[in-house]
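# An overview of the molecular structure
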Amino acid sequence: MAEPNPLESNADQVLLYDYPRAPSCQRVRIGLALKGVDYEIEPIDIRMGARNAATFRVNSPQGFVPVLRIDGLLLRQSLAILEYVDETRGGRQIIPVEPVARSRVRRLAQSIATASGPLTNLCVLRDIQKRFGPDARRTWLMEQYSTSLSQFEASLHDPATGDFCHGDEPTLADCVFAPHANAAWRWGMDLRGLPRVSRIFHRCLRMPEFAKHLRDGPEWQEPI
Ligand SMILES: N[C@@H](CCC(=O)N[C@@H](CS)C(=O)NCC(=O)O)C(=O)O
C-alpha cells in the first residue's frame, strides 16, 4: 500500500517543512514571525537523510528544506517563500516598496543566500569531509564564514544601514543575515572584528522574532 503523503494536507493549513538549525529554515521562520503568520511544523531531519524520503522528495525535487505549504501551494526556496508571504500577508513589510531600497534589501539578502549559503550546505560539507577529512570541513566552513561576513561588513558601510541591515526596521536582509551570523558564531567565529555585523546581529537577537529561532538549546550562549 502506498504511504500517505503528508504534503497532501489541509489547504487552509500553513505548514513548514523544517530543520531547526538550518539557516534557510531559520530565515523563513523569522520572516513568518515578523509577518505574524501562524504555522505548523513538519520536521525533516536532513542529517538522517529524511530529505530523501520519497514523500518529501516528490515535492522538493532538490531535496532541500524549507518547503512551505500555504494557500494550497507548495513553495520552495527561502527568498521566494518570503517574497510571497510579504506580498500576500499584511503586517510589517519586510521588503521595501521603494525601488532603490527594495533593490538594496534584495542584494544584501542574495549576497548571503546565493553565494555563501550553497557553499556551507550540509551536502557540500559532507562531501568535503568524505574527501579530505573533518579538519578540512572545519577549515572550509570558517573560510566561507569569514569571507562572506567580511564582505557583508563592507556592504553595510553605507548610509542606508541603520539599526538593522537596511534602515531601522528588520527586513528580508536581516532574515538572511542573522541566521548566517549565528551559524558562524556557533562554529566559533569571533564577530568582534566586524563592528557592523556584530552590532546588527546583537540588535536582531534583542527581538523575540529572531531570538526564538536562533537560540536553539541549553548550550546556546549569548555571543560576545
Ligand atoms: N536556496 C535554498 C537552499 C536550501 C538549503 O540549502 N537547505 C539546506 C538546509 S539550510 C538543506 O536542505 N540541506 C540538505 C542537505 O544539504 O543535505 C533556499 O534558500 O531555500
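In every chain, residue numbers begin from 1 and rise along the written sequence. In view of the model being predicted, local features appear only for residues whose pLDDT reaches at least 70, and side-chain atom pairs are presented and counted only at 80 or more, with totals across whole chains, interfaces and linings using the full set of residues.

## Overview of the sheet that holds strand 3 (residues 67–70)
Taken in spatial order, the 4 strands line up as 2-1-3-4 in an open sheet, and their pairing is mixed. Strands with a single pairing partner mark the edges of an open sheet, and in this sheet they are strand 2 (40–43) and strand 4 (73–76). Strand-to-strand twist of the sheet, defined as the mean angle between neighbouring strand axes without regard to direction, takes the value 20°. Strand pairing is assigned whenever DSSP identifies at least 2 bridges connecting the two strands. Helix numbers and strand numbers start at the N terminus; a helix is a DSSP run of H or I with at least 4 residues, a strand a run of E with at least 2. Fitting a line to C-alpha atoms yields each axis, with helices limited to the stretch in contact; the angle taken between N-to-C directions then spans 0 to 180 degrees.

## Some words on the packing of helix 4 (residues 99–119) against helix 7 (residues 172–186)
With their axes 7 Å apart at the nearest point, helix 4 and helix 7 run at an angle of 35° to one another. At the point where helix 4 passes helix 7, the crossing takes the left-handed sense. Residues Val105, Leu108, Ala109, Ile112, Ala113 and Ser116 of helix 4 lie in contact with helix 7, whose contacting residues are Leu172, Ala173, Val176, Phe177 and His180. With the far helix as reference, a near helix turned anticlockwise by less than a right angle produces a left-handed crossing, and one turned clockwise produces a right-handed crossing. Residue pairs are scored as contacts if the distance between their C-beta atoms, which are placed from the backbone, is within 7 Å.

## Here's the deal with the site of the ligand
Residues are classed as near a molecule or strand if the C-beta position derived from their backbone is within 6 Å of it. Close to the ligand lie 15 residues, the nearest being Ala22, Phe64, Ser78, Leu122 and Cys123. Contributing elements (two or more residues each) for the shell around the ligand: helix 1 (23–35), helix 3 (78–88) and helix 5 (122–132). Among the residues making up the shell around the ligand, the classes are represented as 10 nonpolar, 4 polar and 1 charged. Domain assignment of the residues forming the shell around the ligand places at least three in each of domain 1 (15–88) and domain 2 (99–214). Classification convention: Asp, Glu, Lys, Arg as charged; Ala, Val, Leu, Ile, Met, Phe, Trp, Tyr, Cys, Pro as nonpolar; all other residues, Gly among them, as polar. Where each domain starts and ends follows an automatic or database-derived domain assignment.

## Details of helix 6 (residues 134–155)
Helix span, expected: 1.5 Å multiplied by one less than the number of residues in the helix. The end-to-end C-alpha distance of helix 6 is 32 Å, a good match for the 32 Å that 22 residues give at a rise of 1.5 Å each. Buried residues of helix 6: Leu141, Gln144, Tyr145, Ser148, Leu149 and Phe152, and no others. What you see down the axis of helix 6 is that its buried residues fit within an arc of 110°, all on one side. Residues Asp135, Glu143, Ser150 and Ala154 are exposed on helix 6 and point more than 90 degrees away from its buried face. Buried residues along helix 6 sit against helix 4, helix 5, helix 7 and helix 8 (195–205). Labels follow a simple rule on C-beta atoms placed from the backbone: if 20 or more others lie within 10 Å of a residue's own, it is buried; if 12 or fewer, it is exposed; otherwise it is partly exposed. Our arc is simply the arc of the directions from the helix axis toward the C-beta atoms.

## Observations concerning the domain arrangement of the protein chain
Under the domain assignment used here, the protein chain contains domain 1 (15–88) and domain 2 (99–214). The C-alpha centroid of domain 2 is placed 19 Å from the C-alpha centroid of domain 1. Those elements that provide at least two residues to the side of domain 1 that touches domain 2 are helix 1 and helix 3.

## Quick notes on the environment of Ile95
When you line up the elements, Ile95 lands in the loop between helix 3 and helix 4. Overall, the presence of 21 C-beta atoms within 10 Å leaves Ile95 in the buried class. Between the C-alpha atom of Ile95 and that of Thr171, which follows or precedes it by 76 residues, the distance is 5.9 Å.

## Some thoughts on the environment of Ile128
Positionally, Ile128 belongs in helix 5. Judged by the 17 C-beta atoms lying within 10 Å of it, Ile128 is partly exposed. Sequence spacing of Ile128 and Cys204 is 76 residues, and the spatial spacing of their C-alpha atoms is 32 Å. Leave out the neighbours within four places in its chain, and Ile128 touches Ala136, Arg137 and Trp140.

## Considering the nonpolar core
Joined through C-beta atoms within 7 Å, a set of buried Ala, Val, Leu, Ile, Met, Phe, Trp, Tyr and Cys residues constitutes a nonpolar core. Ranked by size, the top nonpolar core spans 54 residues in total, and within it Val65, Ala109, Leu172, Phe177, Ala181 and Val197 carry the most contacts. Residue-level mapping places this core at the junction of two domains, with at least three residues from each of domain 1 (15–88) and domain 2 (99–214). Once residues within four sequence positions are removed from consideration, Phe177 is found in contact with Leu108, Ile112, Phe152, Cys165 and Ile200.

## A short note on the packing of helix 1 against helix 7
Running from N to C, helix 1 and helix 7 cross one another at 135°; their axes reach a closest spacing of 8 Å. Judged on the interaxial angle alone, helix 7 and helix 1 are oblique. Viewed along their axes, helix 1 and helix 7 form a crossing whose handedness is right-handed. Between helix 1 and helix 7, the residues in contact are Pro23, Gln26, Arg27, Ile30 and Gly31 and Cys175, Val176, Ala178, Pro179, His180 and Ala183, respectively. Angle categories: roughly parallel below 35 degrees, roughly antiparallel above 145, roughly perpendicular from 65 to 115, and oblique for all the rest.

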